[in-house]
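Next come the chains, spelled out residue by residue.
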Amino acid sequence: EIISVYGDDIYANLGSEHGIRPRFHFAVYPSADRIKSEGLDPRETVALVEVLEIIGVRLSSLRVLNETGTIKPGDRLKLVDIEGE
């Protein structure tokens, strides 16, 4: 899950505890609240992001590779690719 967005600085509640590493790619889907309030399709992604750095056991920084909407806290993540494997 996306926990904070400050401009280009995006953070997720995934970290070393989850076995992720830099360069893992995740699709970003809108949160349930956004689906209701903004009328978004829960099956459509709002962005594709890449893990930049593992900061802690449950914290990592992300960078946007492709954005089709706005990323907001609470949005969900789904692993789509492990670059280099």
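Residues numbered from 1 in each chain as written. Predicted model: local features only at pLDDT ≥ 70, side-chain atom pairs only at ≥ 80, totals over all residues. Heavy atoms only, no water.

Caption draft 1: Broad picture of the side chain of Glu50. With respect to the helices, strands and loops of the structure, Glu50 is situated in strand S4 (residues 47-56). Looking at Glu50, the relative accessible area reads 6%, which means it is buried. A distance of 3.1 Å separates polar atoms of two side chains, one belonging to Glu50 and the other to His25. Among the polar contacts made by the side chain of Glu50, one reaches the side chain of Arg63 at a distance of 2.8 Å. (Helix = DSSP H or I, 4+ residues; strand = E, 2+ residues; numbered from the N terminus. Buried < 20%, exposed > 50% of the residue type's maximum accessible area, 1.4 Å probe, protein only. Polar contact = N/O pair within 3.5 Å; in protein donor to acceptor, adjacent residues only side chain to side chain.)

Caption draft 2: Looking closely at the sheet that holds strand S5 (residues 59-67). One open sheet holds the 6 strands; their spatial order is S1-S2-S5-S4-S3-S6, and the pairing between them is antiparallel. The sheet terminates laterally at strand S1 (2-6) and strand S6 (76-82), the two strands that pair on one side only. Direction aside, the axes of adjacent strands within the sheet are offset by 35 degrees on average. The pairing of S4 with S5 spans 8 bridges and is antiparallel. Bridging across to S5, Gly56 finds its partner in Leu59. (Pairing = 2+ DSSP bridges. Axes fitted to C-alpha atoms, helices over the stretch in contact; angles between N-to-C directions.)

Caption draft 3: Representation of the environment of Ser60. With respect to the element layout, Ser60 can be found in strand S5. Excluding anything up to four places from it in sequence, Ser60 contacts Ile10, Tyr11, Ala12, Leu14, Ile20, Val51, Glu53, Ile54 and Ile55. Within polar-contact distance, the side chain of Ser60 engages the backbone oxygen of Leu14 at 2.9 Å. (Contact = heavy atoms within 4.5 Å.)

Caption draft 4: Summary view of the pattern of salt bridges. All told, the structure shown has 6 salt bridges when counted by the stated rule. In this structure, Arg43 and Asp41 form a salt bridge, with 3.1 Å as the shortest nitrogen-oxygen distance. Under the relative-accessibility criterion, Asp41 is labelled partly exposed at 25%. Across the salt bridge formed by Glu50 and Arg63, the nearest N and O atoms sit 2.8 Å from each other. Pair noted here: Glu50 is in strand S4 and Arg63 is in strand S5, with a separation of 13 residues, a long-range link. In this structure, a network of salt bridges that share partners links the residues Arg34, Glu38, Lys72 and Asp75. (Salt bridge = Lys/Arg side-chain N within 4 Å of Asp/Glu carboxyl O.)

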